[in-house]
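Listed here are the chains, written in short residue letters.
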Amino acid sequence: MLSETYGDAALSERTCREWFQRFKNGDFDVEDKHGGGREKTFKDEQLEALLDEDSCQTQEELAELLGVSQQAISKRLKALGMIQKEGNWVPYELKPRDIERLASQKWSKNQHFQSFEELEKWIASWIASKEDSFFRAGIRKLPERWEKVVASDGQYFE
């Protein structure tokens, strides 16, 4: 249909698919990211080190720091089993190293934990400090939130 309308000036199917994937990932830049040839590579350890420094960085920020495309970061994060939750990149499945990293992050103002057990105790205390109405209200919101999850195809949303 595009080629009928635009002839030789129409975008290729591959370009359309690439742009669609970029748009789906929140990248609305229509300029080509890669000028051909082999793209610069980076090691998983480099990406993991950046995430250890600041797990809130966007794919675009990580790509800029490593000098690669946002798509390369997206693919590598997926391969590493990382997903974005509440603006932080976290492993889909927790490993002992990940548990240590979670325990060492700041979870509230001026709060820092030395161990996973300490974090666990703080969470239990936080839960105990909430009124029943807090949890009832949250449960009532679940169907609406679930509809948003389904509508967003599992992608992060506000």
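About the cut-offs
Residues numbered from 1 in each chain as written. Predicted model: local features only at pLDDT ≥ 70, side-chain atom pairs only at ≥ 80, totals over all residues. Heavy atoms only, no water. Buried < 20%, exposed > 50% of the residue type's maximum accessible area, 1.4 Å probe, protein only. Helix = DSSP H or I, 4+ residues; strand = E, 2+ residues; numbered from the N terminus. Arc of directions from axis to C-beta. Contact = heavy atoms within 4.5 Å. Axes fitted to C-alpha atoms, helices over the stretch in contact; angles between N-to-C directions. Parallel < 35°, antiparallel > 145°, perpendicular 65-115°, else oblique. Nonpolar A, V, L, I, M, F, W, Y, C, P; charged D, E, K, R; others polar. Patch = residues over 30% accessible without salt bridge, like charges linked within 9 Å, V, L, I, M, F, W, Y side chains within 5 Å. Areas by Shrake-Rupley, 256 points an atom, 1.4 Å probe, with all protein chains shown as cover. Salt bridge = Lys/Arg side-chain N within 4 Å of Asp/Glu carboxyl O. Phe/Tyr/Trp six-rings, centres within 6.5 Å; stacked < 30°, edge-to-face > 60°. Lys NZ or Arg CZ within 6 Å of the ring centre and 35° of its normal.

Regarding helix H5 (residues 70-79)
Okay, so step 1: When we look at burial in H5, the residues that qualify are Gln70, Ala72, Ile73 and Leu77. The buried residues of H5 all sit within an arc of 155 degrees when viewed along its axis, so they share a single face. Away from its buried face, by an angle of more than 90 degrees, H5 presents the exposed residues Lys75, Lys78 and Ala79.
Okay, so step 2: Of the surrounding secondary structure, the elements contacted by the buried residues of H5 are helix H3 (44-53), helix H4 (59-66), strand E1 (82-85) and strand E2 (88-91).
Okay, so step 3: Phi turns positive, to about 75 degrees, at Gly81, one or two residues after H5.

Some thoughts on the packing of H4 against H5
In a packed pair of helices, the relevant descriptors are the angle between the two axes and the axis-to-axis distance.
Okay, so step 1: At a minimum axis separation of 8 Å, H4 and H5 run at an interaxial angle of 110 degrees. If you check the angle between H4 and H5, you find them roughly perpendicular. Contact residues: H4 offers Gln59, Glu60, Leu62, Ala63 and Leu66, while H5 offers Gln70, Ile73, Ser74 and Leu77.
Okay, so step 2: Residues of the contact of H4 with H5, tallied by class, amount to 5 nonpolar, 3 polar and 1 charged.

Quick notes on a nonpolar patch on the surface
Okay, so step 1: On the surface, a nonpolar cluster with roughly 640 Å² of combined accessible area is contributed by Ile123, Trp126, Ile127, Phe134, Phe135, Ile139 and Leu142.
Okay, so step 2: Elements that contribute at least two residues to the nonpolar patch include exactly helix H7 (116-128) and helix H8 (132-151).
Okay, so step 3: With 4 residues, H8 is the single largest residue contributor to the nonpolar patch.

Considerations on the pattern of salt bridges
Okay, so step 1: Taken as a whole, this structure holds 1 salt bridge when the rule is applied.
Okay, so step 2: With its nearest N and O atoms 2.9 Å apart, the salt bridge here joins Asp44 to Arg76. Of this pair, Asp44 sits in helix H3 while Arg76 sits in helix H5, and the two are 32 residues apart along the sequence.

Looking at the packing of aromatic side chains
The geometry of an aromatic ring pair is captured by the separation of the ring centres together with the interplanar angle, meaning the angle of the planes.
Okay, so step 1: All told, the structure shown has 2 aromatic pairs when counted by the stated rule.
Okay, so step 2: When the ring of Phe134 is compared with that of Phe135, the centres are 5.1 Å apart and the planes differ by 90 degrees; the resulting orientation is edge-to-face.
Okay, so step 3: When its relative accessible area of 41% is taken as the criterion, Phe134 is described as partly exposed.
Okay, so step 4: Ring pairs connect the aromatic residues Trp126, Phe134 and Phe135, which therefore count as one cluster.
Okay, so step 5: Across the ring face of Phe42, the terminal group of Arg76 is positioned such that the distance to the ring centre comes to 4.2 Å.
Okay, so step 6: A cation over an aromatic ring shows up here: Lys130 above the ring of Phe134, its NZ or CZ 5.1 Å from the ring centre.

A short note on H4
Okay, so step 1: All buried positions along H4 are accounted for by Gln59, Leu62, Ala63 and Leu66. Seen from one end, H4 has its buried residues packed into an arc of 100 degrees, which puts them on one side. Relative to its buried face, H4 has exposed residues pointing more than 90 degrees away, namely Glu64 and Leu65.
Okay, so step 2: Where H4 is buried, its residues contact H3, H5 and E2.
Okay, so step 3: Just downstream of H4, Gly67 is the residue with a positive phi angle, here 70 degrees.

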